[in-house]
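Spelled out, the chains give:
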Number of protein chains: 2
Amino acid sequence: MPLTGAEKRRNARIAQVLDAAAHCFVELGFHRASMAKIAAKAKMSPGHIYHYFESKEAIIAAIVDRESARAAERFAEFDALDSTELAAVMTERAVLSIAEKTDILQSALNMEMLAECQRNPEIACIIHKHDRYVRDQLTHLIRDKIGLDLAEARTDMMMVQFSGLANRLLRNPDLDLTNMVVLMRQTMTSILSPTLCQKAK
Amino acid sequence: MPLTGAEKRRNARIAQVLDAAAHCFVELGFHRASMAKIAAKAKMSPGHIYHYFESKEAIIAAIVDRESARAAERFAEFDALDSTELAAVMTERAVLSIAEKTDILQSALNMEMLAECQRNPEIACIIHKHDRYVRDQLTHLIRDKIGLDLAEARTDMMMVQFSGLANRLLRNPDLDLTNMVVLMRQTMTSILSPTLCQKAK
DNA sequence: TTGATTTTAGAATGAACATTCTATTTGTTG
DNA sequence: CAACAAATAGAATGTTCATTCTAAAATCAA
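Every value quoted in this text rests on a predicted model; they were computed, and no experiment measured them.

**Section: the protein's contact with DNA strand D**
For step 1, the next point in the chain: With respect to spatial proximity, 15 residues lie near DNA strand D, and among them A:Ser45, A:Tyr52, B:Met35, B:Tyr50 and B:Lys56 are the closest.
For step 2, the next point in the chain: Among atoms of DNA strand D positioned within 4 Å of the protein, sugar and phosphate together represent 63%.
For step 3, the next point in the chain: Contacts to DNA strand D include B:Lys56, whose side-chain N or O atom sits 2.8 Å from a phosphate oxygen.

Following this line, the structure appears as structure tokens:
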């Protein structure tokens, strides 16, 4: 069924609030971004926001959901024939996402989301849901299409590289990406290597 | 020169505030932890805290400094003869630090510190200082003791594994560490492998 | 002990904030 | 167009908070 005019306007308004909130959250964090500032950015009155969201917490939850969904989307459509190909694509993706300036700002929001995740069960639930979705896709690819064992562990390890790289860039802003790419590709390849060297203790 | 009684008392008081602040920050985050709550936890009056810290921001900075220094300490005393040995020790360290419950709670604080790092130059400075210290130690070991090239990149890549693992555990609380250890060791070994496979595009 | 200094508590202050309330404008429908 | 409903603004409310102020208690020096 098509949306009525009123519904369309309502959705546009909600998106307007979310865009404004995302902007303020990136700049100030969840708890220093006031409703007044979000309202100003969204070009509506503070009181009016409450016609679309029950509370500021609800806005935070909606932002976490939207941002997680977007991140998951960017991950969703991998399609590789073998592990070498997947390693290359994943490396490219990891380095590319880092190279964009926007993603570095986005990182701050991501970190805040993860911090919130430890304290707020509702936020935790949202984040875990999206993470599970991404993992399921990737695990399916690794296990069923490429045919490797330990697919879950390999998936998690691949994802360690992504979040680790973002984290690293915050801690070391002088990071030299050029040499990093070589190592990242080698690492991805190693994670997807069919034979794991079981080192004896 | 030994500390006078007054100085000792003062230092103890400061530590008391920092312990209380750390506790409240882990539980509530920087901005929902009020001075009143920190004071209650530290068993002193809110006003009195201002004899030791100029502002709440100063307490946050002190906590970031103290926690970063502690994390750096835990990293400082590596001493390996070859890359295989280092890979094993680093893996053990990474998995061990994750296995402790305390570190998972600590992770929330770490994430919040990194988020703050993007917005507050003073915090950024503190975090980058400690990160540089750890990197210098590890790079020295890899380049001068073990004798590998691309030491800085390898160092950063090792550290990607640590922060990535902490990050991953927040997003996927069901992570299976048993299989992960195998992959982590293989990854560390691969990063420290003398010959890097330069994949052609 | 006495006077001076430091340490401490707790109330007072003023600002910022999330949320609610009231009224006005805008759009819709008969 | 008239009546109604939805959308919107902006002021009002009550709370929470960081910080400051005031004075009491503890410590120390003589």
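This is not the end of the story, as more comes after the structure.
**Comments concerning helix 8 (residues 151–171) of chain B**
For step 1, the next point in the chain: Its 21 residues place the ends of helix 8 of chain B 30 Å apart at the C-alpha level, agreeing with the 30 Å of an ideal helix rising 1.5 Å per residue.
For step 2, the next point in the chain: Across the 21 residues that make up helix 8 of chain B, a large majority, 20, are buried.

**Some remarks on the environment of B:Asn120**
Residues and elements named next belong to chain B.
For step 1, the next point in the chain: Residue position: Asn 120 is located in the loop between helix 6 (101–117) and helix 7 (121–146).
For step 2, the next point in the chain: Residue Asn 120 is classed as buried on the basis of its relative accessible area of 14%.
For step 3, the next point in the chain: The spatial distance from the C-alpha of Asn 120 to the C-alpha of Ala 61 is 9.8 Å, given a sequence separation of 59 residues.
For step 4, the next point in the chain: For Asn 120, the side chain forms a polar contact with the main-chain nitrogen of Glu 122, separated by 3.0 Å.

**Some details on the interface of chain A and chain B**
For step 1, the next point in the chain: Taken residue by residue, the interface counts 61 residues in chain A and 61 residues in chain B.
For step 2, the next point in the chain: For the pairing of chain A and chain B, the buried interface totals around 5500 Å² over both sides, and the portion due to carbon and sulfur atoms is 57%.
For step 3, the next point in the chain: The largest share of the area that chain A buries against chain B comes from A:Arg119, A:Arg171 and A:Gln186, three residues that together contribute 13% of it.
For step 4, the next point in the chain: Our count for the chain A to chain B interface comes out at 12 salt bridges.
For step 5, the next point in the chain: Among the salt bridges present, the one from A:Asp156 reaches B:Arg168, with a minimum N-O distance of 2.7 Å.
For step 6, the next point in the chain: If you look at where chain A meets chain B, you find 27 residue pairs in polar contact (both at pLDDT 80 or more).

**As for the relation of the copies chain A and chain B**
For step 1, the next point in the chain: Taken as rigid bodies, chain A and chain B are interconverted by a rotation of 180 degrees and an axial shift of 0.0 Å, the fit giving an RMSD of 0.0 Å. One copy is carried onto the other by what is essentially a two-fold rotation axis. Taking the C-alpha atom as reference, chain A places A:Gly164 closest to the rotation axis, 1.8 Å from it.
For step 2, the next point in the chain: The share of interface residues of chain A whose copies in chain B are also at the interface is 100%, consistent with both copies meeting through the same surface.

**A short note on the environment of A:Gly164**
For step 1, the next point in the chain: With respect to the secondary-structure elements, A:Gly164 resides in helix 8 (residues 151–171).
For step 2, the next point in the chain: A residue is classified by how much of its surface remains accessible, and A:Gly164, at 0% relative accessible area, is buried.
For step 3, the next point in the chain: In this structure, A:Gly164 is in contact with B:Val160, B:Ser163 and B:Gly164, ignoring residues within four places of it in sequence.

**Things to note about the side chain of B:Gln161**
For step 1, the next point in the chain: Following the sequence through the fold, B:Gln161 ends up in helix 8.
For step 2, the next point in the chain: A relative accessible area of 0% means that B:Gln161 is categorised as buried.
For step 3, the next point in the chain: Leaving out residues up to four positions away in the same chain, B:Gln161 has contacts with A:Met157, A:Val160, A:Gln161, A:Thr187, B:Met184, B:Thr187, B:Met188 and B:Ile191.

**Considerations on the protein's contact with DNA strand C**
For step 1, the next point in the chain: A:Met35, A:Tyr50, A:Lys56, B:His51 and B:Tyr52 are the nearest of the 16 residues found near DNA strand C.
For step 2, the next point in the chain: Close to the protein, within 4 Å, the atoms of DNA strand C belong to sugar or phosphate groups at a rate of 60%.
For step 3, the next point in the chain: The separation between a phosphate oxygen of DNA strand C and a polar side-chain atom of A:Lys56 is 2.8 Å.
For step 4, the next point in the chain: Sorting the residues of the surface near DNA strand C by element identifies helix 2 (35–42) of chain A together with helix 3 (46–49) of chain B as the ones contributing at least two each.

**Examining the state of the cysteines**
Residues and elements named next belong to chain B.
For step 1, the next point in the chain: Applying the stated rule across the entire model yields zero disulfides over all chains.
For step 2, the next point in the chain: As a non-bridged cysteine, Cys 117 has Cys 125 as the owner of its nearest cysteine sulfur, 9.9 Å distant.
For step 3, the next point in the chain: For Cys 117, a relative accessible area of 5% gives the class buried.

**Details of the pattern of salt bridges**
All names here are of chain B.
For step 1, the next point in the chain: Within this structure, the stated rule accounts for 30 salt bridges over all chains.
For step 2, the next point in the chain: A salt bridge links Arg 70 to Glu 67, with the nearest nitrogen and oxygen atoms 3.9 Å apart. Placement of both Arg 70 and Glu 67 in helix 4 (residues 56–76) is noted, with a separation of three residues, approximately one turn of the helix.

**Some words on the side chain of B:Thr155**
Residues and elements named next belong to chain B.
For step 1, the next point in the chain: As for its placement among the helices and strands, Thr 155 is situated in helix 8.
For step 2, the next point in the chain: A distance of 3.0 Å separates polar atoms of two side chains, one belonging to Thr 155 and the other to Thr 139.
For step 3, the next point in the chain: Those residues in contact with Thr 155, other than ones at most four positions away along the chain, are Arg 135, Leu 138, Thr 139 and Ile 142.

**A look at the packing of helix 5 (residues 83–99) of chain B against helix 8 of chain B**
All names here are of chain B.
For step 1, the next point in the chain: Axis separation between helix 5 and helix 8 bottoms out at 10 Å; the angle between their running directions is 25 degrees. If you check the angle between helix 5 and helix 8, you find them roughly parallel. In this structure, the crossing between helix 5 and helix 8 has a hand that is right-handed. Note on element contacts: helix 8 touches helix 5 through Met 158, Phe 162, Leu 165, Ala 166 and Leu 169, opposite Met 90, Arg 93, Ala 94 and Ile 98.
For step 2, the next point in the chain: When the residues that make up the contact of helix 5 with helix 8 are grouped by side-chain class, the tally is eight nonpolar, no polar and one charged.

Reading the values: the criteria
- Residues numbered from 1 in each chain as written.
- Chains lettered and ligands numbered in written order.
- Predicted model: local features only at pLDDT ≥ 70, side-chain atom pairs only at ≥ 80, totals over all residues.
- Heavy atoms only, no water.
- Near = heavy atom within 4 Å.
- Polar contact = N/O pair within 3.5 Å; in protein donor to acceptor, adjacent residues only side chain to side chain.
- Helix = DSSP H or I, 4+ residues; strand = E, 2+ residues; numbered from the N terminus.
- Expected span 1.5 Å × (residues − 1).
- Buried < 20%, exposed > 50% of the residue type's maximum accessible area, 1.4 Å probe, protein only.
- Contact = heavy atoms within 4.5 Å.
- Buried area = accessible area lost by both parts, 1.4 Å probe.
- Salt bridge = Lys/Arg side-chain N within 4 Å of Asp/Glu carboxyl O.
- Least-squares fit on C-alpha atoms with pLDDT ≥ 70 in both.
- Disulfide = S-S within 2.5 Å.
- Axes fitted to C-alpha atoms, helices over the stretch in contact; angles between N-to-C directions.
- Parallel < 35°, antiparallel > 145°, perpendicular 65-115°, else oblique.
- Left-handed = near helix turned anticlockwise from the far one by under 90°.
- Nonpolar A, V, L, I, M, F, W, Y, C, P; charged D, E, K, R; others polar.

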